[in-house]
Amino acid sequence: LADLKKCIDKEDQSHKKSEKQEKNWITMAEIDEVYEKSIDKQARALINLYRHHPLRNDVADMRVVNADYAFEDGQNYFVITDDENTPNQLRLSEYKTKNEYGVKTIDVDTEANEDIMDWLDVSPNNSHLFLNTKNEPINANTITKFFNRIFKSTGRKISTTMIRHVVLSEKFGEVHKEQVVKAD
């Protein structure tokens, strides 16, 4: 098992796409195009949130609360602040690297926030950020299925992991290339 982990870690550090990633790779321009064509407010909010905040499936079962809410450990929140000078926030206390970083509070990007608030204005269930087809809180598996459906027109299977890789590659790809050149 340790050998398998070393092999996977080595592959991750190489910054080379897997065969599956190569097959399904999408560019930021293509993500933007799907976003612009989407009329579904929940889809727009979800795409825009991940464009600006490349999370894992951390929005699964995410509750919508006000800033004075008594937060519970092990639950993620979309926090609506009362102060217009303070951006709404993602409060993450249940995520993959929580033991290393603790509770994270992320100010939501203005553009993503606008789409989220537009979605919440029409959402049939304002207690949770994103919903499944039964208007119940979305779970991690449903998020992936939702992304697959949103990006079906591209002919590729797109998940939160793929969006995360694309956003981070476009944001930090040149820095990595520079580091490789300097190391040689």
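Description of the structure in this document. (Residues numbered from 1 in each chain as written. Predicted model: local features only at pLDDT ≥ 70, side-chain atom pairs only at ≥ 80, totals over all residues. Heavy atoms only, no water.)

**Focus on the overall build of the chain**
Then, number 1: For the chain, the helix and strand inventory stands at eight helices and four strands.
Then, number 2: Along the chain direction, N to C, the helices and strands of the chain fall in the order α-α-α-α-β-β-β-α-β-α-α-α.
Then, number 3: The proportion of buried residues among the 184 residues of the chain is 39%.
Then, number 4: Residue pairs in contact within the chain that sit at least 24 positions apart in sequence constitute 50% of those at least 6 positions apart.
Then, number 5: Per element, the accessible surface of the chain, about 11,600 Å² overall, is 48% carbon and sulfur. (Helix = DSSP H or I, 4+ residues; strand = E, 2+ residues; numbered from the N terminus. Buried < 20%, exposed > 50% of the residue type's maximum accessible area, 1.4 Å probe, protein only. Contact = heavy atoms within 4.5 Å. Areas by Shrake-Rupley, 256 points an atom, 1.4 Å probe, with all protein chains shown as cover.)

**A short note on the pattern of salt bridges**
Then, number 1: Under the definition given, this model contains six salt bridges.
Then, number 2: Between Lys98 and Asp73 there is a salt bridge, and its shortest N-O distance comes to 3.8 Å. A residue pair is termed long-range when its members are at least 10 positions apart, and Lys98 in helix H5 (residues 98-101) and Asp73 in the loop between strand E1 (63-66) and strand E2 (77-80) qualify at 25 residues.
Then, number 3: Judged by its relative accessible area of 63%, Asp73 falls in the exposed class.
Then, number 4: Residues Lys98 and Glu94 are paired through a salt bridge, measuring 3.8 Å at the closest nitrogen-oxygen approach.
Then, number 5: Residue Lys98 is classed as partly exposed on the basis of its relative accessible area, which comes to 23%.
Then, number 6: With a relative accessible area of 40%, Glu94 lands in the partly exposed category.
Then, number 7: Three or more residues joined by partner-sharing salt bridges are found here, namely Asp32, Arg51 and Glu111. (Salt bridge = Lys/Arg side-chain N within 4 Å of Asp/Glu carboxyl O.)

**Considering the pairing of strand E3 (residues 89-92)**
Then, number 1: Across the two faces of E3 the burial is the same, with Gln89 and Arg91 and Leu90 and Leu92 all buried.
Then, number 2: Pairing of E2 with E3 involves three bridges; the strand directions are antiparallel. Its bridge partner being in E3, Val79 is matched across the sheet by Gln89.
Then, number 3: Pairing geometry for E3 and strand E4 (residues 104-107), over four bridges, is antiparallel. The residue bridging Leu92 from the neighbouring strand is Lys104, located in E4. (Pairing = 2+ DSSP bridges.)

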